[in-house]
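This is what each chain is made of:
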Amino acid sequence: PFDIPEAESELVAGFHTEYSGMRFSFFFLSEYANMFMTSAILSVCFLGGWLGPVNLAAYDGNNLALKALSAGPHWLIAKSLALVCVQIWVRWTLPRLRVDQLMSLCWKFMIPLAIACLAGVAVPMVWPVAAGKLWAGFGVLCLLVIGAAGLEGRHEAKRRSA
């Protein structure tokens, strides 16, 4: 699911058949380096980055071994490698989606889910101020998304019947 631009042409064209040897290896090296950097950013933003699961240095301030285990680059690397393994697992497990299938999934499920999550966060924040205006805007936005998904579904059905 992460390489959709190359998915349709990988059997007859693209870097899979155009390059061999070192050039081919540089493509895959850059791809896995990108996966590792993405995982490192995700682990810093959402998993605590270089911090360990327990602050062991707080128990004994003079023990250098506990200080080395409590925080350091090894935790960041371990968390990043765990996220890389999850990305590889998802990539090898799920079937590849075509571009039209991905657009259908996004319009019909992901965008309405994102709007519902946004409303779930926004409504409690501004409830006393402008609850009526917010709900009206949210309703219009939902109708627009549902209408766009319906148009996309009719276009897909018309294309299949032709």
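Before reading further, recall that the structure is shown in the block above.
Per chain, residues are indexed from 1 in the order of the written sequence. Totals for whole chains, interfaces and linings use every residue, but because this is a predicted model, local features are given only for residues with pLDDT of at least 70 and side-chain atom pairs only at 80 or more, for both listing and counting. Excluding hydrogens and water, the side-chain values take into account all heavy atoms of the structure.

Engineer: For this particular structure, what's the right way to read the environment of His74?
Structural biologist: Numbered from the N terminus, helices here are DSSP runs of H or I no shorter than four residues, and strands are runs of E no shorter than two. Its place among the elements puts His74 in helix α5 (residues 73-93). Classification of His74 by relative accessible area gives partly exposed; the value is 37%. Between the C-alpha atoms of His74 and Leu51, which are 23 residues apart in sequence, the distance is 9.4 Å. Identification of polar contacts relies on pairs of N or O atoms within 3.5 Å, with a donor-acceptor requirement for protein atoms, meaning one able to donate a hydrogen and the other able to accept it, and with residues adjacent in sequence counted only if both atoms are side-chain atoms. Within polar-contact distance, the side chain of His74 engages the side chain of Trp75 at 3.3 Å. Under the scheme applied here, a residue whose accessible area is under 20% of the maximum for its type counts as buried, over 50% as exposed, and between as partly exposed, the area being computed with a 1.4 Å probe on protein chains only.

Engineer: What is the right way to read a nonpolar patch on the surface from this model?
Structural biologist: Taken together, the side chains of Leu105, Phe109, Met110 and Leu113 define a hydrophobic patch exposed on the protein surface, amounting to about 390 Å² of accessible area. Within the secondary structure, Leu105 sits in helix α6 (residues 99-161). Leu105 gets classed as partly exposed once you look at its relative accessible area, which sits at 30%. Residues enter patches when their relative accessible area tops 30% and they take part in no salt bridge; the joining distance is 9 Å for like charges and 5 Å for the nonpolar side chains Val, Leu, Ile, Met, Phe, Trp and Tyr. Note on areas: Shrake-Rupley with a 1.4 Å probe; residue coverage comes only from the protein chains shown. Should a side-chain nitrogen of Lys or Arg be within 4 Å of a carboxyl oxygen of Asp or Glu, the pair is scored as a salt bridge.

Engineer: Explanation requested: the pattern of salt bridges in the structure shown.
Structural biologist: Where charged atoms from two side chains of opposite charge come close, those side chains can pair. Using the criterion set out here, one finds one salt bridge in the structure. Residues Glu31 and Arg91 are paired through a salt bridge, measuring 2.2 Å at the closest nitrogen-oxygen approach. In this pair, Glu31 sits in helix α3 (residues 22-46) while Arg91 sits in helix α5, placing the two residues 60 residues apart along the sequence. On the basis of relative accessible area, Arg91 is assigned to the buried category, the value being 17%.

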